[in-house]
Amino acid sequence: MTSSNQFTGKTALVTGASRGIGKAVALSLAKEGLEVVVNYANSSEEAEQVVSTIKSSGGRAYSIQANVAEENEVNNLVSSVLSKSSRIDVLINNAGITRDGLLMRMKTEDWKSVLNLNLSGVFLCTRAVARPMLKQRAGRVINITSVVGLMGNAGQANYAASKAGVLGLTKSAAKEFASRGITVNAVAPGFISTDMTKDIDSEKILSAIPLGTFGTPEQVAGAVRFLALDPAAAYITGQVLQIDGGMVMG
Ligand code: NAP
C-alpha cells in the first residue's frame, strides 16, 4: 500500500490513535507514506494492533504511551519522537473524552478532567511541537474539536466548553505561527460511530442530521488528511472544517 513518495521521511504524531477517529487518521496518514506515532493512554494492545496493521502494509509506525493531559508526559512524548524520528511534520490533536451530566449536578472533577484533556492537552501538545516546527519553518497542526463546541449541548457543558476553547486556541495559534509556514486548523465532527458514541440513542439524533446517518472515522480521517498533507491546503489556516452530515449550518 505504501510506496516512496513526497511524504516519505515525514513524521506525524497522532494523539489518541489506539481507537476510533485517531486510529483511522493514523492508518490514513501511514498509507500516504508518513511515519506515524501512535499515542495512547491505556489501550496498549489496540495501539500495537494499529502499528502492526501499518507495518504489515509496508508503512512505518511506532506507539508511545502518554497521558496528554499531563505536561511532563507530553514533553517526554515529544522528546521521544524527536529523538527517534528527528522531526515532527504533522500533529493531530485528537485525544478526547466525555464525562456527561447536567450542569447543576456536574462534579467539579468531571469538569476538570474534560477540560484538562480536551483543551489543555491540545495546548500542551501544540506548545511542545512548536519549537521543532518553527525551526523547520513548516508544519501542520489539526485539532479535532466537535460541532458541540459550535452549538452547545445539554448535558455536555464541560465537553462543549473544551471544544469551543479549542476553536479559540486554533485561531490564535494559526495567527502566531503563520509567518513560519505552519498552519493550524480544526476539524469538527458531528456524530461519528466510535466507542464514544456507542451508547447514544441514535434515533433521536438521526432526524437532526440532513444526510441521515452517523459519519465514519474514515470520513473524518479524509478531511484530516486533506488539511495535513494536500498542497491545496497550504493556504488554509485558522479554519474549522465540519464533518457532520449537514447537522450544523451557518
Ligand atoms: P474514542 O473512540 O473514545 O477514542 C479516544 C482515544 O483517545 C483513544 O485512543 C484513547 O486512548 C485516547 N485517549 C483518551 N484519554 C487520553 C489521554 N489522557 N491521553 C492520550 N490519549 C487518550 O473517541 P473518538 O470518538 O475516536 O474521538 C476522538 C476525538 O474526536 C475526540 O477528541 C472527540 O472529542 C472527537 N469527536 C468525536 C465525535 C464522535 O462522534 N465520535 C464527534 C465529535 C468529536 P486509550 O484507547 O488508550 O484509552
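Below: a short report on this structure. Please read these numbers as outputs of a predicted model, since none were measured by experiment.

On to the overall build of the chain. In terms of helices and strands, the chain carries 8 helices and 7 strands. Its C-alpha atoms give the chain a radius of gyration of 17 Å, within 12% of the compact-globule value 18 Å for 250 residues. When the backbone C-alpha atoms are referred to their principal axes, the chain occupies close to 50 × 35 × 35 Å. Among the 250 residues that make up the chain, the fraction classed as buried is 49%. Of the contacts formed within the chain by residues at least 6 apart in sequence, a portion of 71% connects residues at least 24 apart. For the chain, the accessible surface area stands at approximately 12,000 Å², while carbon and sulfur atoms represent 50% of it. The distance from the centre of the 24 positive side-chain charges to the centre of the 20 negative ones in the chain is 8 Å.

The geometry of an aromatic ring pair is captured by two quantities: the separation of the ring centres and the angle between the planes. Under the criterion given, the structure shown has 1 aromatic pair. Taking 5.6 Å as the distance between ring centres and 40° as the angle between the ring planes, the aromatic pair formed by Phe 191 and Phe 214 counts as tilted. Of this pair, Phe 191 sits in the loop between strand 6 (182-189) and helix 7 (202-206) while Phe 214 sits in the loop between helix 7 and helix 8 (217-229), placing them 23 residues apart in sequence. Judged by relative accessible area, Phe 191 falls into the buried class, the value being 15%. Classification of Phe 214 by relative accessible area gives buried; the value is 16%.

This part is about the environment of Asn 143. Counting through the fold element by element, Asn 143 comes out in strand 5 (residues 139-144). Residue classification places Asn 143 among the buried positions, given a relative accessible area of 1%. For the pair Asn 143 and Gly 168, spaced 25 residues apart in sequence, the C-alpha to C-alpha distance is 11 Å. Setting aside anything within four residues of it in sequence, one finds Asn 143 in contact with Asn 93, Val 122, Thr 126, Val 166, Thr 170, Val 184, Asn 185, Ala 186 and Val 187.

In this section: the pairing of strand 2 (residues 35-40). By the criterion of burial, strand 2 is predominantly enclosed, with 6 of the 6 residues buried. Neither face of strand 2 is open: one carries Glu 35, Val 37 and Asn 39, the other Val 36, Val 38 and Tyr 40, and all of them are buried. Note: strand 1 (residues 11-14) against strand 2, 4 bridges, orientation parallel. Each residue of the ladder has a partner; that of Thr 11, found in strand 2, is Glu 35. The sheet contact formed by strand 2 and strand 3 (residues 60-65) spans 6 bridges and is parallel. Opposite Val 38, over in strand 3, you have Ser 63 as the bridge partner. Between strand 2 and its parallel partner strand 3, the chain crosses via helix 2 (residues 44-56), and the hand of that crossover is right-handed.

Running from N to C, helix 4 (residues 108-136) and helix 6 (residues 157-177) cross one another at 15°; their axes reach a closest spacing of 8 Å. Considering the angle they form, helix 4 stands roughly parallel to helix 6. The way helix 4 lies across helix 6 gives a crossing that is right-handed. Taken together, the residues of helix 6 that come into contact with helix 4 (itself represented by Asp 110, Trp 111, Val 114, Leu 115, Asn 118, Leu 119, Val 122, Phe 123, Thr 126, Ala 130 and Leu 134) are Ala 157, Asn 158, Tyr 159, Ala 161, Ser 162, Lys 163, Gly 165, Val 166, Leu 169 and Phe 177.

Another point: the site of the ligand. Neighbouring residues of the ligand: 31 residues in total, closest Ser 18, Asn 42, Ser 43, Tyr 159 and Thr 194. Ser 43 places a polar side-chain atom, nitrogen or oxygen, 2.5 Å from an oxygen atom of the ligand. Considered on its own, the ligand offers 900 Å² of accessible surface; in the complex 94% of this is hidden by protein. Elements that contribute at least two residues to the shell around the ligand include exactly helix 1 (20-31), strand 2 and helix 6.

Definitions and limits used
- Residues numbered from 1 in each chain as written.
- Predicted model: local features only at pLDDT ≥ 70, side-chain atom pairs only at ≥ 80, totals over all residues.
- Heavy atoms only, no water.
- Helix = DSSP H or I, 4+ residues; strand = E, 2+ residues; numbered from the N terminus.
- Rg over C-alpha atoms; globule rule 2.2 N^0.38 Å.
- Buried < 20%, exposed > 50% of the residue type's maximum accessible area, 1.4 Å probe, protein only.
- Contact = heavy atoms within 4.5 Å.
- Areas by Shrake-Rupley, 256 points an atom, 1.4 Å probe, with all protein chains shown as cover.
- Lys, Arg positive; Asp, Glu negative; His and termini not counted.
- Charge placed at Lys NZ, Arg CZ, Asp CG, Glu CD.
- Phe/Tyr/Trp six-rings, centres within 6.5 Å; stacked < 30°, edge-to-face > 60°.
- Pairing = 2+ DSSP bridges.
- Right-handed = clockwise from strand over helix to strand, strands pointing away.
- Axes fitted to C-alpha atoms, helices over the stretch in contact; angles between N-to-C directions.
- Parallel < 35°, antiparallel > 145°, perpendicular 65-115°, else oblique.
- Left-handed = near helix turned anticlockwise from the far one by under 90°.
- Near = heavy atom within 4 Å.
- Polar contact = N/O pair within 3.5 Å; in protein donor to acceptor, adjacent residues only side chain to side chain.

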